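Tertiary structure, described
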Number of protein chains: 2
Amino acid sequence: MLDERKRKVLSAVVTDYIASAEPVGSRTIARKYDFGVSPATIRKEMADLEMLGYLEHIHTSSGRVPSSKGYRLYVDNLLPPQEMRLSDEDKKLIDSWYKAKVKRVDEVFKETARIISKVTNNVSLLLAPQMSQAAYRCLQFLPLDESRAIAVLMTDAGFVENRIIDIPDGASFDDLRRVAGVFNDECAGYAIDALHPQCLAKIRQDVGDESLYEAALDVINRSLEGEKKERLYLGGTTQMLAQPEFQDVEKVKETLIMLEEEQLLKDILHAHRGEGLSVTIGSENKYDGVKDMSIITATYHLGGELLGTLAVMGPTRMEYGKAISMLNYMNDHIAEIIKQFRW
Amino acid sequence: MLDERKRKVLSAVVTDYIASAEPVGSRTIARKYDFGVSPATIRKEMADLEMLGYLEHIHTSSGRVPSSKGYRLYVDNLLPPQEMRLSDEDKKLIDSWYKAKVKRVDEVFKETARIISKVTNNVSLLLAPQMSQAAYRCLQFLPLDESRAIAVLMTDAGFVENRIIDIPDGASFDDLRRVAGVFNDECAGYAIDALHPQCLAKIRQDVGDESLYEAALDVINRSLEGEKKERLYLGGTTQMLAQPEFQDVEKVKETLIMLEEEQLLKDILHAHRGEGLSVTIGSENKYDGVKDMSIITATYHLGGELLGTLAVMGPTRMEYGKAISMLNYMNDHIAEIIKQFRW
DNA sequence: TGTTAGCACTCCTTTTTGTTGAGTGCTAAT
DNA sequence: ATTAGCACTCAACAAAAAGGAGTGCTAACA
């Protein structure tokens, strides 16, 4: 471990660089952060820190910049504790934002993403729960016309999915209703994925009619198809692009293109599923497009059950403290809000 | 009207500039487009065209660029007719894209926007129908638990909206069902906006119970609240940013910010509502953020009823022919696809 | 009379060259 | 161990110079 002064110097460099986005020199450190020593001494310390891999030089002359390793030490050991908590005012503000905007479950996610990006000035990512992980609640049919009906499928997590189906030849709407009853009796409360192995045989038997059974199963499967993919909510792209690291058109375009690769983003979030709060810094990323970005993820739960993932993504020069505290707070908060939409 | 040769020159300038994005000089025109005359002659013609306001000079020396007026003449009179039609291959390709992706109504819009931007390399905008303009079709309640139910509201255009409601004290689920029946008998087929003045009194009377009546009306109003705002689908932003007009970071950011102003975009599309196909070029735009953009809009209908608006937005240097033909095609096509989701 | 070659001129673009300044690294003195 | 002093590096900026595409005009030509 580094000695006290080296840590102070590293901390100062990181802090200053995060604030200014300019490589920071020994003079600045010595002046702004009251070390009782001269720039030359700081210089020595910085040279050491560079040797150890915590700082980097673009070229001789011109200040130092933290390396990923440097940020890592900073995040793990040097982050001022008071920066890890959100102020009460912030919390109130966030609450009021929610109250004003959120009317449906999916709006929770949208608004959460918006809030996170607004506060952190970086991109926020939100992976919303997979329906197939939620518990099946209820299948219902509504009459539409002689030959069609609307199937409505509900899950524990508050999602309702509907689609129009053709009533199989020879069957009546009442038949559909009966089938729904059978499914509901047998499956209520099970994770939808678990339908298949479990009780299909019994249901088939109870339904009796083969084509009706198939039709109902088809509805469930198709509804799932649309919902199975987790939904990714993205927010704050333009805000992030205002950061000084995006001076260069190529870089901007590159980043925008990266942010459109939904699968990549999902993969990244998946990689940290269930880890609680996780910080991945710059070159620590294994995906190419994000090696100069840092990603902070947090997985949110509801009653012990894994629900989804929140994340902040931005340049490695990022206000880690703020991002972490924000995610921590939202992580708890979102579960509470979703709870209001459960039944 | 310009004489034959002037028009040929203007057409050549526009064509070349659209293709190359570089100011075009007399030499280029004379060489590439076989006029039988020397650059000097072309030069004279270009000077005339500039005098008349069809071309512009950034500074002396360095070729000409079409003005908005120049593009206008080009679009109105000089556009090669064969560029106004999509090839059969393109059509087949588009069809297959739809088939592969679209499963729900809202996916029609999303996919349409994607396709338009993909083909035109510009931003596409799609204003999806307001629910309140659609006809009310059916209101249904589903039992949830002792004290709650799910309300499902359907419209003619294929939208289904659902939300959870509390069953009013003292009422049963069967009461709700009865109320739904009353509403359905009275209102089916009317535009939802027209509910209020029309038959509310009669419904109130039929329902009898005041609190139940209020509850049902509340459901309808709240469902509408979410749906009332037209939805704007946006596609192809990054593709457009690959165009050479976006070399400058400021310009990129500016444009991205403009594209996030949903209200502005909606206003722009609204301005051309019902106009069929409309082309607005650069300075013809009255909104500040888009004075160097061209916008082509088309309003799509379904059985005479106005549904929504499609648009392509991009730099004034745009392949107008392609964009127009694309919009024309999609305009017809989208109605057909939506039809499949109607009942 | 319309067309064209020739030429001077403009002004953007690119390259070159010089200047400045922040910052380092080393050394010798404290 | 610390620091003042100094030579050195290199990006960033600016000014100057060279290059080039293209125009506008004029005078000659068919």
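Scroll up a little and you will see the structure.
Residues numbered from 1 in each chain as written. Chains lettered and ligands numbered in written order. Predicted model: local features only at pLDDT ≥ 70, side-chain atom pairs only at ≥ 80, totals over all residues. Heavy atoms only, no water.

**A closer look at the pattern of salt bridges**
- Applying the stated criterion to the full structure yields 26 salt bridges over all chains.
- Here Lys251(A) and Asp292(A) are joined by a salt bridge, their closest N and O atoms 2.3 Å apart. Here Lys251(A), found in helix 11 (residues 249-260), pairs with Asp292(A), found in the loop between strand 8 (277-280) and strand 9 (293-302); they are 41 residues apart in sequence, far enough to count as distant.
- Overall, the relative accessible area of 35% leaves Asp292(A) in the partly exposed class.
- One salt bridge connects Glu4(B) with Arg7(B), and the closest N-O pair in it is separated by 3.4 Å. Here the residue Glu4(B) and the residue Arg7(B) both occupy positions in helix 1 (residues 4-20), the gap between them amounting to three residues, near one helical turn. (Salt bridge = Lys/Arg side-chain N within 4 Å of Asp/Glu carboxyl O. Helix = DSSP H or I, 4+ residues; strand = E, 2+ residues; numbered from the N terminus. Buried < 20%, exposed > 50% of the residue type's maximum accessible area, 1.4 Å probe, protein only.)

**Thoughts on the sheet that holds strand 10 (residues 305-315) of chain A**
Residues and elements named next belong to chain A.
- Taken together, five strands build an open sheet; the order of strands is 7-3-10-9-8 and the sheet is antiparallel. Strand pairing shows two members of the sheet lacking a second neighbour, strand 7 (231-235) and strand 8, which therefore form its edges. Each adjacent strand pair in this sheet contributes to an overall mean axis angle of 15 degrees, direction not counted.
- Where strand 9 lies against strand 10, 10 bridges are found, and the strand directions are antiparallel. Counted as the bridge partner of Ser294 is Gly314 from strand 10. (Pairing = 2+ DSSP bridges. Axes fitted to C-alpha atoms, helices over the stretch in contact; angles between N-to-C directions.)

**What to know about the packing of aromatic side chains**
- Scanning all chains against the criterion turns up five aromatic pairs over all chains.
- Between Phe183(A) and Tyr213(A), the ring centres sit 6.4 Å apart and the planes meet at 20 degrees, which makes this aromatic pair stacked. Pair noted here: Phe183(A) is in helix 7 (residues 173-187) and Tyr213(A) is in helix 9 (residues 210-228), with a separation of 30 residues, a long-range link.
- The class of Phe183(A) is buried, set by a relative accessible area of 0%.
- Directly above the ring of Tyr54(B) sits Lys69(B), whose terminal nitrogen or CZ lies 4.7 Å from the centroid. (Phe/Tyr/Trp six-rings, centres within 6.5 Å; stacked < 30°, edge-to-face > 60°. Lys NZ or Arg CZ within 6 Å of the ring centre and 35° of its normal.)

**Here's the deal with the protein's contact with DNA strand C**
- Around DNA strand C sit 18 residues in total, of which Ser26(A), Arg5(B), Ser38(B), Thr41(B) and Ser61(B) are the nearest.
- Here the atoms of DNA strand C within 4 Å of the protein split so that 76% fall in sugar or phosphate, with bases taking the remainder.
- Within the side chain of Ser61(B), an N or O atom sits 3.2 Å from a base oxygen of DNA strand C.
- When residues in the surface near DNA strand C are grouped by element, the largest group, three residues, is from helix 3 (residues 39-51) of chain B.
- A breakdown of the residues in the surface near DNA strand C according to their chemical character gives one nonpolar, 12 polar and five charged. (Near = heavy atom within 4 Å. Polar contact = N/O pair within 3.5 Å; in protein donor to acceptor, adjacent residues only side chain to side chain. Nonpolar A, V, L, I, M, F, W, Y, C, P; charged D, E, K, R; others polar.)

**With respect to the environment of Ser11(B)**
Residues and elements named next belong to chain B.
- Note that Ser11 resides in helix 1.
- A sequence separation of 115 residues divides Ser11 from Leu126, and the C-alpha atoms of the two residues are 30 Å apart.
- Setting aside residues no more than four positions away along its own chain, Ser11 makes contact with Tyr74 and Leu78. (Contact = heavy atoms within 4.5 Å.)

**Section: the nonpolar core**
- Core analysis: the biggest nonpolar cluster contains 60 residues, and Leu10(A), Ile94(A), Phe109(A), Tyr320(A) and Met330(A) have the highest contact counts within it.
- Of all the elements, helix 13 (residues 320-339) of chain A adds the most residues to this core, at 11 residues.
- When residues of this core are assigned to domains, at least three map to each of domain 1 (4-78) and domain 2 (83-129 + 230-339) of chain A.
- Leaving out residues up to four positions away in the same chain, Leu10(A) has contacts with Leu2(A), Leu49(A), Tyr54(A), Leu55(A), Gly70(A), Leu73(A) and Leu78(A).
- In terms of nonpolar packing, the next biggest core, distinct from the first, is built from 59 residues, Tyr54(B), Leu78(B), Val105(B) and Ile116(B) among them. (Core = buried A, V, L, I, M, F, W, Y, C linked by side-chain atoms within 4.5 Å. Domains from an automatic or database assignment.)

**Regarding the protein's contact with DNA strand D**
- Among the 19 residues in the neighbourhood of DNA strand D, the closest are listed as Arg5(A), Ser38(A), Thr41(A), Ser61(A) and Ser26(B).
- Put simply, 73% of the atoms of DNA strand D that lie within 4 Å of the protein are in sugar or phosphate.
- At 3.1 Å from a base oxygen of DNA strand D is found a side-chain nitrogen or oxygen belonging to Arg43(B).
- If you list the elements that add at least two residues to the surface near DNA strand D, you get helix 3 (39-51) of chain A together with helix 3 of chain B.
- Residue contributions to the surface near DNA strand D peak at three residues, all from helix 3 of chain A.
- For the surface near DNA strand D, a count of residues per class yields two nonpolar, 12 polar and five charged.

**What about the sheet that holds strand 7 (residues 231-235) of chain B?**
All names here are of chain B.
- Pairing is antiparallel across the open sheet formed by five strands, whose spatial order is 7-3-10-9-8. Edge positions in the sheet fall to strand 7 and strand 8 (277-280), since each of these pairs with one other strand and no more. Each strand of the sheet is rotated relative to its neighbour by a mean of 15 degrees, with strand direction disregarded.
- Most of the contacts of helix 6 (residues 105-120) go to strand 3 (residues 123-128), to which it runs at about 155 degrees, and overall it touches strand 3, strand 7, strand 9 (293-302) and strand 10 (305-315).
- Against the sheet, helix 13 (residues 320-339) makes contact with strand 3, strand 8, strand 9 and strand 10, and its axis sits at roughly 25 degrees relative to strand 9, the strand it touches most.

Everything listed is a geometric property; what it means functionally is a separate question.
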